[in-house]
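Below are the chains, spelled out letter by letter.
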Amino acid sequence: MTLARRRLKRYLQKEPDLEIVGESASGTEAVAAIESLKPDLVFLDVQMPEMDGFEVVETVGVEKMPAVIFVTAFDQYALRAFDVHAVDYLLKPFDEDRLRRTLARARKILREPRGENFDSKMRMLLRELKPEPKYIKRLAVKNASRTIYVHVDEIDWIGAAGNYLELHVGGKTHLVRERMNALEAKIDPEKFVRIHRSAIVNVERVKEVHPLFNGDQTVVLTGGQDLVASRNYREKLIRALEGG
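Residues numbered from 1 in each chain as written. Predicted model: local features only at pLDDT ≥ 70, side-chain atom pairs only at ≥ 80, totals over all residues. Heavy atoms only, no water.

Considering helix H1 (residues 3-12)
Of the positions making up H1, those classed as buried are Ala4, Arg7, Leu8, Tyr11 and Leu12. Burial along H1 is one-sided: seen end-on, the buried residues are contained in an arc of 130 degrees. Lining the buried residues of H1 we find strand S1 (41-45), strand S3 (89-91) and helix H5 (96-111). (Buried < 20%, exposed > 50% of the residue type's maximum accessible area, 1.4 Å probe, protein only. Helix = DSSP H or I, 4+ residues; strand = E, 2+ residues; numbered from the N terminus. Arc of directions from axis to C-beta. Contact = heavy atoms within 4.5 Å.)

Remarks on the environment of Ala240
Examined against the element boundaries, Ala240 turns out to sit in helix H8 (residues 234-241). Separated by 47 residues in the primary sequence, Ala240 and Val193 place their C-alpha atoms 6.9 Å from one another. Once residues lying within four places of it in the same chain are set aside, the contact partners of Ala240 are Val193 and Val203.

So, the side chain of Ser26
Structurally, the position occupied by Ser26 is in the loop between H1 and helix H2 (27-37). Contacts of Ser26, omitting those with residues within four sequence positions, involve Met48, Pro49 and Glu50.

A short note on helix H3 (residues 53-60)
Here H3 lies mainly inside the structure; six of its eight residues are buried. Taken residue by residue, H3 has Gly53, Phe54, Val56, Val57, Thr59 and Val60 as its buried positions. Its side-chain oxygen placed 3.0 Å from the backbone nitrogen of Phe54, Asp52 serves as the N-cap of H3. (Polar contact = N/O pair within 3.5 Å; in protein donor to acceptor, adjacent residues only side chain to side chain.)

Points about the layout of surface pockets
Empty space within the second largest pocket amounts to approximately 950 Å³. Looking at the second largest pocket, it is lined by 37 residues, and the ones nearest its centre are Gly22, Glu23, Leu41, Val42 and Phe43. Contributions of two or more residues to the lining of the second largest pocket are made by H1, H2, S1 and H5. Partitioning the lining of the second largest pocket into residue classes produces 23 nonpolar, four polar and 10 charged. (1 Å grid on protein atoms, 1.4 Å probe; cavity = no way out; pocket = protein on both sides within 12 Å on 5 of 7 lines; lining within 4 Å. Points joined across faces, edges and corners; volume = space filled by probe spheres on them. Nonpolar A, V, L, I, M, F, W, Y, C, P; charged D, E, K, R; others polar.)

Thoughts on the sheet that holds strand S13 (residues 226-229)
The sheet built from three strands is open, its strands ordered S11-S12-S13 with antiparallel pairing. Unpaired on one side and paired on the other, strand S11 (206-211) and S13 mark the two borders of the sheet. For this sheet the average axis-to-axis angle between neighbouring strands, irrespective of direction, equals 30 degrees. (Pairing = 2+ DSSP bridges. Axes fitted to C-alpha atoms, helices over the stretch in contact; angles between N-to-C directions.)

Looking at the pairing of strand S9 (residues 192-196)
Looking down a regular strand, the side chains alternate between one sheet face and the other. Among the five residues of S9, four are classified as buried, and the element is accordingly described as predominantly covered. Two elements, S9 and strand S10 (residues 199-202), share four bridges in a ladder whose sense is antiparallel. Across the sheet, the residue bridging to Phe192 is Asn202, located in S10. Connecting the antiparallel pair S9 and S10 is a turn made up of two residues.

Some thoughts on the nonpolar core
Residues Leu44, Val56, Val57, Met65, Phe70 and Met122 are the most contacted members of the largest nonpolar core, which totals 23 residues. Elements supplying a minimum of two residues to this core: H2, S1, H3, strand S2 (67-72) and helix H6 (116-129). With five residues, H6 is the largest single contributor of residues to this core. Within the second largest apolar cluster, 15 residues are counted, among which are Leu165, Leu167, Ile187 and Phe192. (Core = buried A, V, L, I, M, F, W, Y, C linked by side-chain atoms within 4.5 Å.)

Points about the sheet that holds S3
Read from one edge of the open sheet, three strands run S1-S2-S3, paired in parallel fashion. Each end of this open sheet is capped by a strand with a single partner; those strands are S1 and S3. Sheet twist, expressed as the mean angle between neighbouring strand axes with direction ignored, is 20 degrees. Note that S1 and S2 share five bridges and pair parallel. Residue pairing across strands places Asp45 opposite Val71, the latter belonging to S2.

Let's talk about the packing of H1 against H5
Two elements in contact, H1 and H5, have axes whose closest approach is 11 Å; the angle formed by their N-to-C orientations is 65 degrees. H1 and H5 meet at a crossing whose hand is right-handed. On the side of H1, the interface is formed by Leu8, Tyr11 and Leu12, while H5 contributes Glu96, Leu99 and Leu103. When the residues that make up the contact of H1 with H5 are grouped by side-chain class, the tally is five nonpolar, no polar and one charged. (Left-handed = near helix turned anticlockwise from the far one by under 90°.)

The following block contains the structure:
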């Protein structure tokens, strides 16, 4: 447990109206905890292993995120962005008085109805502070005897398979233990597009699109596979195929 997390936990345990329902040591753990525990308030470190705090917000989804207090060691220039976008933060190292002021603001926010204004401010903050994305080039596929490295650009499409994802590459299928939202955030959105809650396609592999009932579509890939694009992702698919 880091010093900042230990201090934060000690201070929060003194607050009678707060219950600590979980804690995480990495961004990946934070996503899983937020989605399963559904807390009202999250203290989210900007710098974490595996995913930073901003990637956690994007993976969970701004609309699904609870109220957030960022814990950060950012400089004064970056802190002004938090002030402008009305998102509270704790600057490391922080003391108990600073935490109490932050909690007072958090309690006020939690009493008020959440609206689009809060979500839009969070999106603006992410755009301003999140570094330019560096998308992965290869994926490690591990089995009992070896690790295969799959070039992302060679993937035709990605499908959900329980707790795993299927990487369809040519005539081969590889299984990786990864979540769809997490992988989607790591690959280039100009090359890969989500067409269904359980499918992502390589835009370059899309050959044809045919309408189905209720706004859904059939997506035909160059390898002959037929996939279903949900109507919820139709506009996103069209923009990707038309170059933006």
